Amino acid sequence: MHKAIMSSLHKLSHKSAMVRKQAIKELKLHVPHNPMARISLHYISVHDPNYTIRNLAKRACFGYESCATDDPSWEKTYSF
């Protein structure tokens, strides 16, 4: 499971939007159990240059407290 999450996190920085979409779908399954997946999706939902990818990331972590705010200072708020 750790290897799959790390692979998905690596795909989030890929140049292709299709690869990033696939990574979001993979990470969505791990959001309730893995804080790194939640933080990564929140970061992508704020900072990705592609509007579609940002929306997918927002929907992937919607409903979880960490993604409920649009605070750009997520590094300070969600540090572990």
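Computed from a predicted structure; not experimentally measured.

A. Layout of the pattern of salt bridges. One pass over the full model with this rule turns up two salt bridges. Taking the shortest distance from any N to any O, the salt bridge between K11 and E26 comes out at 3.2 Å. In this pair, K11 is assigned in helix 1 (residues 2–11) and E26 in helix 2 (residues 17–28), connecting sequence segments 15 residues apart. Taking the shortest distance from any N to any O, the salt bridge between D48 and R20 comes out at 3.2 Å. With a gap of 28 residues between them, D48 in the loop between helix 3 (35–47) and helix 4 (51–60) and R20 in helix 2 connect regions that are remote in the sequence. Both residues of the pair, D48 and R20, belong to the buried class.

B. Seen up close, the packing of helix 1 against helix 2. As a packed pair, helix 1 and helix 2 sit with axes 8 Å apart at the nearest point and diverge in direction by 145°. You can see that helix 1 and helix 2 cross each other, and the crossing is left-handed. Note on element contacts: helix 2 touches helix 1 through V19, R20, A23, E26 and L27, opposite I5, S8, L9 and K11. For the contact of helix 1 with helix 2, a count of residues per class yields five nonpolar, one polar and three charged.

C. Seen up close, the nonpolar core. If you look at the biggest cluster of nonpolar residues, it comprises 14 residues, and the most contacted ones within it are L9, L12, I24, L27, L41, I44 and A57. When contributions to this core are tallied by element, the ones reaching two or more residues are helix 1, helix 2, helix 3 and helix 4. The contacts of L9, once residues within four sequence positions are left out, are L27, M36 and S40.

D. Structural context of the packing of helix 2 against helix 4. Relative orientation of the contacting elements helix 2 and helix 4 amounts to 5°, with a least axis distance of 10 Å. Judged by the angle between their axes, helix 2 and helix 4 are roughly parallel. Residues A17, R20, K21, I24 and K28 of helix 2 touch helix 4, and the partners they reach there are T52, I53, L56, A57 and A60.

E. Geometry of the environment of H2. Note on placement: H2 falls in helix 1. Exposure remark for H2: the relative accessible area of 61% places this residue in the exposed category. On a C-alpha basis, the gap between H2 and N34 in space is 9.6 Å, while along the polypeptide they are 32 residues apart.

F. Structural detail: helix 4. Taken together, the buried positions of helix 4 are occupied by I53, A57 and A60. When helix 4 is viewed along its axis, its buried side chains cluster within an angular range of 60° and face the same direction. Every exposed residue of helix 4 that faces more than 90 degrees away from the buried side is listed here: Y51 and R59. Contacts from the buried residues of helix 4 go to helix 2 and helix 3. Regarding helix 4, its N-cap is N50, as a side-chain oxygen of that residue lies 2.9 Å from the backbone nitrogen of T52 further along.

Rules of the game
Residues numbered from 1 in each chain as written. Predicted model: local features only at pLDDT ≥ 70, side-chain atom pairs only at ≥ 80, totals over all residues. Heavy atoms only, no water. Salt bridge = Lys/Arg side-chain N within 4 Å of Asp/Glu carboxyl O. Helix = DSSP H or I, 4+ residues; strand = E, 2+ residues; numbered from the N terminus. Buried < 20%, exposed > 50% of the residue type's maximum accessible area, 1.4 Å probe, protein only. Axes fitted to C-alpha atoms, helices over the stretch in contact; angles between N-to-C directions. Left-handed = near helix turned anticlockwise from the far one by under 90°. Contact = heavy atoms within 4.5 Å. Nonpolar A, V, L, I, M, F, W, Y, C, P; charged D, E, K, R; others polar. Core = buried A, V, L, I, M, F, W, Y, C linked by side-chain atoms within 4.5 Å. Parallel < 35°, antiparallel > 145°, perpendicular 65-115°, else oblique. Arc of directions from axis to C-beta. Polar contact = N/O pair within 3.5 Å; in protein donor to acceptor, adjacent residues only side chain to side chain.

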